[in-house]
Amino acid sequence: MPDPLTLQLEPRSLTGKKVRRLRREGIIPGNVYGRGRPSVAVQATLEELRRVFRGHDRNQVVNAQIAGESDTRPVVLRDVQRHPVSHDVEHVDLYHIDLSRPIHATAVVHIVGEETCPAVTLGGVLVQGLGSVMLEALPMDMPSDLTIDVSGLEHFGQSMHVSDLDLPEGVRALSEPTAQLATVIAPRLAEEDEVAEEEAAEGVEGEEAPAEEAAEAAESEATA
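From a predicted model like this one, the values you see are computed outputs, not experimental measurements. (Residues numbered from 1 in each chain as written. Predicted model: local features only at pLDDT ≥ 70, side-chain atom pairs only at ≥ 80, totals over all residues. Heavy atoms only, no water.)

A. Broad picture of the side chain of Arg73. Relative to the elements of secondary structure, Arg73 occurs in strand 5 (residues 73-82). A distance of 2.8 Å separates polar atoms of two side chains, one belonging to Arg73 and the other to Glu69. Among residues more than four places away in sequence, those in contact with Arg73 are Val32, Val40, Val62, Asn63, Ala64, Ile66 and His96. (Helix = DSSP H or I, 4+ residues; strand = E, 2+ residues; numbered from the N terminus. Polar contact = N/O pair within 3.5 Å; in protein donor to acceptor, adjacent residues only side chain to side chain. Contact = heavy atoms within 4.5 Å.)

This is the structure:
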């Protein structure tokens, strides 16, 4: 049975537009690169990429075994490029890390406690700010997700910020400490925002009216 944390890769000779041939065969091109290391062109089947990455956290370290190399490389998935229409995977970037050096990565922020939040119970509307936070940590300590509990927000206008995150030991937030993660808006303010959006939309729809009137006036003058 294949090791769930070992990604099997093949060296890639095709580059540029020629990689379309690989994609048609279900093979995804990629690159392995790192700090002070030359970039290596690689490829893997889509099934192999899904096997390793679908069941693991986005920032989890995996071992990349490039055919022909005796040792595996510790890597993290840095970027996935997708087709703008079909959203099919077109390219992957794998970052070769040094396990002893901190790295930077983003973690998704999840909100809990809305059901018991006093300000929401009073009719307020909970609005999420940042959806992710940039972190610094050693590769093996880097989380993929963070949770923030809003059940302590008691008043309208009260917010929680990056500085309120309870981060694991050894993890440091790089995002602005005062950046809002969640805030509760008073019902009236929420309604005013909706009205303003509706009026703005109506204004756009009504911009054609003066042009139509001018055309009608010009037609009348021409007739006269």
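B. Spotlight on the pairing of strand 7 (residues 103-112). Where strand 7 and strand 9 (residues 132-137) come together, six bridges link them in antiparallel fashion. Within the sheet, the bridge partner assigned to Val108 lies in strand 9 and is Ser132. As paired strands, strand 7 and strand 10 (residues 145-149) are joined by five bridges and run parallel to one another. Residue pairing in the sheet places Ile111 in a bridge with Ile148 of strand 10. (Pairing = 2+ DSSP bridges.)

C. Region of the structure containing the side chain of His91. By secondary structure assignment, the location of His91 is in strand 6 (residues 89-96). A polar atom in the side chain of His91 sits 3.0 Å from the side chain of Asn31.

D. Local environment of the packing of aromatic side chains. Scanning all chains against the criterion turns up one aromatic pair. Taken together, a centroid distance of 5.4 Å and an interplanar angle of 65° make the contact between Tyr33 and Tyr95 edge-to-face. Of this pair, Tyr33 sits in strand 2 (residues 27-34) while Tyr95 is found in strand 6, placing the two residues 62 residues apart along the sequence. A relative accessible area of 28% places Tyr33 in the partly exposed class. Here the guanidinium or amino end of Arg78 rests over the ring plane of Tyr95, the centre of that ring lying 4.8 Å away. (Phe/Tyr/Trp six-rings, centres within 6.5 Å; stacked < 30°, edge-to-face > 60°. Buried < 20%, exposed > 50% of the residue type's maximum accessible area, 1.4 Å probe, protein only. Lys NZ or Arg CZ within 6 Å of the ring centre and 35° of its normal.)

E. Main features of the sheet that holds strand 9. If you walk across this open sheet you meet the four strands as 10-7-9-12, and the pairing is mixed. The sheet is open, and its two borders are formed by strand 10 and strand 12 (172-173), each paired with just one other strand.

F. Representation of unusual backbone geometry. The backbone of His87 sits at a positive phi, close to 65°, despite the residue not being glycine. Examined against the element boundaries, His87 turns out to sit in the loop between strand 5 and strand 6.

G. Main features of the nonpolar core. Residues Val133, Leu135, Leu153, Leu165 and Leu181 are the most contacted members of the largest nonpolar core, which totals 27 residues. Elements with a contribution of two residues or more to this core: strand 7, strand 9, strand 10 and strand 13 (180-185). Of all the elements, strand 7 adds the most residues to this core, at four residues. Leu181 has contacts with Val109, Ile111, Val127, Gln128, Gly129, Leu130, Val133, Ile148, Met160, His161, Val162 and Leu165, leaving out every residue within four places of it along the chain. (Core = buried A, V, L, I, M, F, W, Y, C linked by side-chain atoms within 4.5 Å.)

H. Local environment of the environment of Leu14. Along the polypeptide, Leu14 turns up in the loop between strand 1 (6-11) and helix 1 (19-24). Its relative accessible area of 18% is what places Leu14 among the buried residues. Between the C-alpha atom of Leu14 and that of Pro29, which follows or precedes it by 15 residues, the distance is 8.7 Å.

I. Here's a closer look at helix 2 (residues 46-53). Those residues of helix 2 not exposed but buried are Leu46, Glu48, Leu49, Val52 and Phe53. Each buried residue of helix 2 lies within a common arc of 160° when the element is viewed along its axis, so the set occupies one face. In this fold, the buried residues of helix 2 make contact with strand 1, strand 2, strand 3 (37-45), strand 4 (62-66), strand 5 and strand 6. (Arc of directions from axis to C-beta.)

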